[in-house]
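# Residue-level structural notes
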Amino acid sequence: MESSIISRLEAFATRTAVEDASGLHTYAELLARARGIAVALGGQDLNETRIAVLTDPGADFAAALLGIWMVGGIAIPLCRDHPAPEISYVLEDSGAIRVIADQAHASRFRHITLCLEGLPKDAPQFQPCVVAPDRRALMLYTSGTTGRSKGVVTTHAQVEAMICPLVSAWGWSERDHILHVLPLHHAHGLVNALLCCLWSGATCLMLPRFVACDVWDRLGQVTLFMGVPTMYRRLLEVWEQAGSRQRSKWSTGCSSVRLMVSGSSALPADIFVRWEKVTGHRLLERYGMTEIGMALSNPLTGERRPGTVGVPLPGVEVRLVDELGQVVDSEGQAGELQVKSPSVFQEYWRRPEATEVSFQRGWFSTGDVATVEHGYYRILGRKSVDIIKTGGYKVSALEIENVLRSHAAVADCAIVGVVDEDWGEAVCAAVVPNPGFTLTLDTLRLWAKGQLAYYKVPTRIRILNALPLNSTGKVQKVALRAAFEAPQAR
Ligand code: MLC
Ligand code: AMP
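What comes next is a walk through the structure.

### So, the packing of aromatic side chains
- Taken as a whole and assessed by the stated rule, the structure comprises 13 aromatic pairs.
- On the numbers, 6.3 Å between centres and 80° between planes, the contact of Tyr 89 with Tyr 141 is edge-to-face. Of this pair, Tyr 89 sits in helix α4 (residues 84-94) while Tyr 141 sits in strand β7 (residues 136-142), placing them 52 residues apart in sequence. A single burial state applies to Tyr 89 and to Tyr 141, both of which are buried.
- Arranged with centres 5.4 Å apart and planes meeting at 25°, the rings of Trp 216 and Trp 275 form a pair that is stacked. Residue Trp 216 is found in helix α7 (residues 212-219), and its partner Trp 275 is found in helix α10 (residues 269-279); the two are separated by 59 residues along the sequence. The two residues Trp 216 and Trp 275 agree in class, both being buried.

Encoded structure:
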């Protein structure tokens, strides 16, 4: 049996799959393009060879993904905004042998790039390879508490298990039309928005990037929208700055939308309230993770409770455990959230120890602390201070520290996530300079921009003579964070 997403898509042939900067693309055209790519990749079973994808958002991206799956490869979506060191790391760590790229990005890694521009638009004779559901399909890179980011590997069956509960819980159908402005190298944009859409035979309107005014202008044409809280905050700011006619046009446009979803980091209560006032929509907040797909969601019909992430999705088991590993079952008591579900990932790529320690007798430990209140889950925060969520992106404090320490002027440093209205948390650095060096925020940020993804570059840097240590010699990150958060530090 070929991958079931591919056989599903065949049934939607004449419908519009993707609308992007180059126009409308039917499902038949998407599949034809994918066949052309599959043949360019050799047309034979690649047996889980890793193939990266680097394109602007649009039909090319979807076709590349499907083309890789047609020949049994593992797809690794890359982020076009990442600097060369980040991309090289992913390519090396994954052992990718090819990067499928569009014209805009093809020159970045010339020797292994397969440029979409020159590929045939179809290969009608080609038949997709038979790929068993338990074969690896996808690798998404995500940060953890240690070292550099890890490749989260999911099989075809697991990808399908991520898609199906969302399709049923959120009522996706062929009639849906989603406005897509999320990055494609993460679960939110890739699975929840793009793959759920294609699985349903719906239409995906993909904008080149998130620009608040463009989103407002397009909301009137769609039925679904998904974003991270930073996006909703930006949208509200733009609306509040607009004139009254513009405001009323934008607000009225939202009446065509049937569902607006927020996730990837905590949705502040004020955004929920302001969004409802401006659009009439009560945002549906849900909770998920690259390793597990989505686990908890407020209901499509029924009460959406602000500040909570709802109840387990179909097929997902969830429990809370205390520090001794005991299951917490009393109302309001906090515990680490653990998940068991067919959508839980297979492994961290080539890191068996990391994979093993993340499971407790079949339950995946998320590292998030939660409570249950009247049946709805509330996320309280992370167990580790070294994981930061900024603009919906997860970043590792230790990874940034390691990079900053490689700068000649930096003797030592500590990274903390500091509460921030715009980003949820902002990446902040305390830096101890090497004697004889002068460090400024601007020079260090400029240098870091060449090394790290833009959302990992510290927004605020404090120069200290020494880092505050506790009695065991560990950096007092909680105190450091509090110092950044103090009103006089802003
Ligand atoms: C961008 N900048 C930041 C930053 N992000 N600065 C500090 N902290 C951050 N997090 C900087 C840029 O480098 C730029 O700097 C300046 O801010 C303005 O950039 P912008 O263009 O206004 O911001 P933008 O790049 O548009 O980013 C905002 C955003 C983006 C919200 C669109 O963060 C985003 O796409 N977030 C989505 C993340 C996501 O999809 N997460 C899902 C993970 S999966 P300068 O100096 O150049 O001006 C997951 C599972 C689940 O979590 O549950 O979903
Ligand atoms: P990632 O590793 O990028 O997939 O990010 C997953 C993490 O995002 C989770 O472990 C949570 O910490 C966070 N997250 C996702 N959705 C929510 C939400 N609705 N509220 C709070 N945190 C969230």
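### Here we look at the site of ligand 2
- Neighbouring residues of ligand 2: 16 residues in total, closest Arg 286, Thr 290, Asp 368, Arg 382 and Lys 389.
- Separating an oxygen atom of ligand 2 from a side-chain N or O atom of Thr 142 is a distance of 3.1 Å.
- The contact in question runs from a nitrogen atom of ligand 2 to an N or O atom on the backbone of Ala 266, over 3.5 Å.
- Coverage of ligand 2 by the protein chains reaches 93% of its 500 Å² of free accessible surface.
- The set of elements that each furnish at least two residues to the shell around ligand 2 consists of β13 (284-289) and β21 (376-382).
- Here the element with the most residues in the shell around ligand 2 is β13; it accounts for five residues.

### Examining the site of ligand 1
- The local shell around ligand 1 holds 25 residues, among which Ser 264, Arg 286, Lys 389, Thr 390 and Gly 391 are the closest.
- Contacts to ligand 1 include Lys 449, whose side-chain N or O atom sits 2.9 Å from an oxygen atom.
- Considered on its own, ligand 1 offers 1,000 Å² of accessible surface; in the complex 77% of this is hidden by protein.
- By residue class, the composition of the shell around ligand 1 is twelve nonpolar, nine polar and four charged.

### Side note on the pairing of strand β9 (residues 177-180)
- Residues His 177 and Leu 179 of β9 are buried on one face, and the alternating residues Ile 178 and His 180, pointing to the opposite face, are buried as well.
- Pairing between β9 and strand β10 (residues 203-206): four bridges, direction parallel. Directly across from His 177, in β10, lies its bridge partner Thr 203.
- Chirality of the crossover, the property in question, places the unit of β9, helix α6 (residues 187-200) and β10 among those that are right-handed.

### Examining the nonpolar core
- The biggest cluster of nonpolar side chains holds 118 residues, and the ones touching the most others in it are Trp 69, Trp 172, Trp 216 and Leu 219.
- Aside from chain neighbours lying at most four places away, what touches Trp 172 is Leu 166, Val 167, Ile 178, Asn 192, Ala 193, Cys 196, Cys 197, Ser 200, Ala 202, Leu 224, Met 226 and Arg 258.
- By size, the runner-up hydrophobic cluster in this structure holds 22 residues, among which are Cys 413, Ile 415, Leu 452 and Ala 453.

About the cut-offs
Residues numbered from 1 in each chain as written. Chains lettered and ligands numbered in written order. Predicted model: local features only at pLDDT ≥ 70, side-chain atom pairs only at ≥ 80, totals over all residues. Heavy atoms only, no water. Phe/Tyr/Trp six-rings, centres within 6.5 Å; stacked < 30°, edge-to-face > 60°. Helix = DSSP H or I, 4+ residues; strand = E, 2+ residues; numbered from the N terminus. Buried < 20%, exposed > 50% of the residue type's maximum accessible area, 1.4 Å probe, protein only. Near = heavy atom within 4 Å. Polar contact = N/O pair within 3.5 Å; in protein donor to acceptor, adjacent residues only side chain to side chain. Areas by Shrake-Rupley, 256 points an atom, 1.4 Å probe, with all protein chains shown as cover. Nonpolar A, V, L, I, M, F, W, Y, C, P; charged D, E, K, R; others polar. Pairing = 2+ DSSP bridges. Right-handed = clockwise from strand over helix to strand, strands pointing away. Core = buried A, V, L, I, M, F, W, Y, C linked by side-chain atoms within 4.5 Å. Contact = heavy atoms within 4.5 Å.

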